Structure formats: structure tokens, C-alpha cells
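# Observations on chain architecture
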Amino acid sequence: MRGLPTASGLRRCATALLAVLAAAVSLNMLWCCWCLYVGRQFRLFDYGLYTNFIWNSGRGDFFKCMVNDSYLVNHLSFSLVPLGWLYYLWDDAFLLLAVQWLFPVLGALILVAAGRRHRLPAELLAMLAFFFVGYRFTQQILAAEFHGVALYLLLVPWLYYNLSFRKGMVWLPLLLILGVREDAFLFLQPLLLYFAVKDRWRMGYVWMAASIGYGALAIYGLYPWLNGMSMFARRERDGSLISWEKMIAEGVFPRWGKAVVWTLLPALVAWRRGSMPAFLFPSVAFVQCVFSGIDRQQSLGIHYS
């Protein structure tokens, strides 16, 4: 019938609407971060800690934190050092929040680029971008001060893109992810294994072994050497080691239920279209979080999601 929009016209409208919504949500999240910042909602322990050590690192005092401390006692976050050089461009305390906001924005663009090469429909790509920047977990991370793990929102899509189309460049995002913190090698294994099996890619197994080797070296070698104590002694001190008695006494099951629901909701969208990767990729990271001894990590609260 004349005057009625065609199917292609409706798809174009849906694509444009979703793209506008993705941009609006992103800008609104930046505004929220600014409001939280000027409202002094961020604690010294996290935002001040990262700002101090990254600013010092940018000026050659690598990992120096506060007066005589080293940030490496918290995590082996080597990949965060280059962020300190950004202070030469903009020497402002808000810098890290602005950079953190860019992580999911750039990550969404990379996912859209990957989807285009996979020849996915434009409206589906716009929906993916809207979901990626607008989902509860993304907003929760951006509103939780600054944390090094927020880099995953950029680096994991970049790694996925290279695994899909540029395997010769896998090493760069892989090394940067391993440098975010010492346990990052764990959640990479399902992603690397999937592409190694699917594409019959032998180097995938090599990268798996190399990342596991680095993780073992970081935990059992580098960390004790740099800090004079084992990582497990440090985690026992801050209460992050698992204690079944404590977890059951505190009622861990409602927290697990919250984590399961918010993690499975987006994966269920792909249930009928070869959904195995949607459940496989986050599996190790999910188990690692919910079996922590920290209640906010068990429920995927603040930045742990």
C-alpha cells in the first residue's frame, strides 16, 4: 500500500533511533560522572589512589603511591602506566574519569566494526552499541570511581576483533590485558580456546599457554619479588580469599542470584542463534568473582562486573 513505510525504511529508522540512544546514554553517563566528581562522591582510597600513582608514573616515579608506598602491592597493573602521560595533555584530576568513559565508547565502536565485517544488519549493530554502553554493568563500572579493570571494556572487544580478523596482531591487546592485573590471564582462556578450536588455529593454544605461564610467573614470582610477601598473604589480609563458613553465614546465595540474573539476561538474547560463546566467554571471570570472599564481588557490585 502506498504511504506505508517499507521494511527497509523501518530498519533504517530503527538503526538511527538506536544510534541516537547509544550516543545519548553515553553523554548522559559522562555528565553523571562529572556530577559525582564535583559532588565529591569518590573516596580517596580508590580514585585518589589511582590518580596519585598514575600521575607519578607519568613523571617517571613508576608505581609510586602516596609517600613511600607502591601501587604494585595492590595489583601488577603495568598497562596503566601509559595513562600517566596523558596528564601532559590535560593535567586535571577529572582526567581518569574522562578516559574511563572513553573505554566503553571505543569498545562499542570496535564491536560495531567487527559486526560490519561479520556482515550483521545495521540495526543489530546499533542495538549492540546501545546495549554495550547502556547496560547496567557498564554504567555501574563508570559510576564506581576509576578502576584499572575498566580497561577491559576497550581491550576485550579489541582482542575479539583481532582474534576474528587480525590474528597476527593478537599479541598487542593480549599483552595489555595481561598487564591490567595479575589474574587477567584466567578469564582470557575461554576466548582463546574458542578461536583456537573454531579456526583450527595452533597459535591460539600457544597464546593460551603463554598467558597461563605469565599468570603463574606474576602470582608466584613477580608479586613476591616486588612486594616481599606472597599474593595469598596479601589477599588474606584484605579478606578476599574464600571462606565457606563466612559466605554461608552471611547469606551468599541472594548475592549469587543477583550476579546470575544480570549476567545471563544479555546472553539469553542469543539463545536461539548459536549462543554457546555468549555463555562461554564470561564463564571463568564469573566463577572467579562469585567465589571471592568479598560480598560486593560475589554480587558483581561496583566495578567487579
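Just so we're clear, the structure is a prediction, and the values are computed from it rather than from any experiment.

Rules of the game
Residues numbered from 1 in each chain as written. Predicted model: local features only at pLDDT ≥ 70, side-chain atom pairs only at ≥ 80, totals over all residues. Heavy atoms only, no water. Salt bridge = Lys/Arg side-chain N within 4 Å of Asp/Glu carboxyl O. Helix = DSSP H or I, 4+ residues; strand = E, 2+ residues; numbered from the N terminus. Buried < 20%, exposed > 50% of the residue type's maximum accessible area, 1.4 Å probe, protein only. Expected span 1.5 Å × (residues − 1). Arc of directions from axis to C-beta. Phe/Tyr/Trp six-rings, centres within 6.5 Å; stacked < 30°, edge-to-face > 60°. Contact = heavy atoms within 4.5 Å.

## Considerations on the pattern of salt bridges
One pass over the structure, following the stated rule, counts 5 salt bridges. Asp-91 is the salt-bridge partner of Arg-59, the closest N and O atoms lying 3.7 Å from each other. Of this pair, Arg-59 sits in the loop between α2 (44-58) and β1 (64-65) while Asp-91 sits in the loop between β2 (69-70) and α3 (95-117), placing them 32 residues apart in sequence. Under the relative-accessibility criterion, Arg-59 is labelled partly exposed at 29%. A single network of salt bridges, built from pairs that share partners, joins Lys-167, Lys-198 and Asp-199.

## A short note on helix α12 (residues 252-268)
When the terminal C-alpha atoms of α12 are compared, their 24 Å separation across 17 residues agrees well with the 24 Å that a helix rising 1.5 Å per residue should span. Within α12, burial applies to Val-252, Arg-255, Trp-256, Ala-259, Thr-263 and Ala-267. Along α12, the residues classed as buried sweep out an arc of 100° about the axis, all on the same side. Turned more than 90 degrees away from the buried face of α12 sit Phe-253 and Pro-254, all of them exposed.

## Some thoughts on the packing of aromatic side chains
In this structure the tally under the stated criterion is 21 aromatic pairs. The interplanar angle of 80° and the centroid separation of 5.3 Å between the aromatic rings of Tyr-194 and Phe-281 together place this pair among those described as edge-to-face. With Tyr-194 in helix α8 (residues 184-198) and Phe-281 in the loop between α13 (276-280) and α14 (283-290), the pair connects residues that are 87 residues apart, well separated along the chain. On the basis of relative accessible area, Phe-281 is assigned to the partly exposed category, the value being 22%.

## Description of unusual backbone geometry
Excluding glycine, most residues fall at negative phi; most peptide bonds, likewise, are trans. Its identity is not glycine, yet Met-66 carries a phi of approximately 60°, on the positive side. Position of Met-66 relative to the elements: it lies in the loop between β1 and β2. By relative accessible area, Met-66 is classed as partly exposed at 36%. Its identity as a non-glycine residue notwithstanding, Glu-145 has a phi of 60°, on the positive side.

## Some remarks on the environment of Tyr-135
Mapping Tyr-135 onto the fold places it in the loop between α4 (122-134) and α5 (136-142). Residue Tyr-135 is classed as buried on the basis of its relative accessible area, which comes to 14%. When the C-alpha positions of Tyr-135 and Val-25 are compared, they lie 9.7 Å apart, and in sequence the two are 110 residues distant. Those residues in contact with Tyr-135 that sit more than four places away from it in its chain are Phe-130, Trp-262, Leu-265 and Pro-266.

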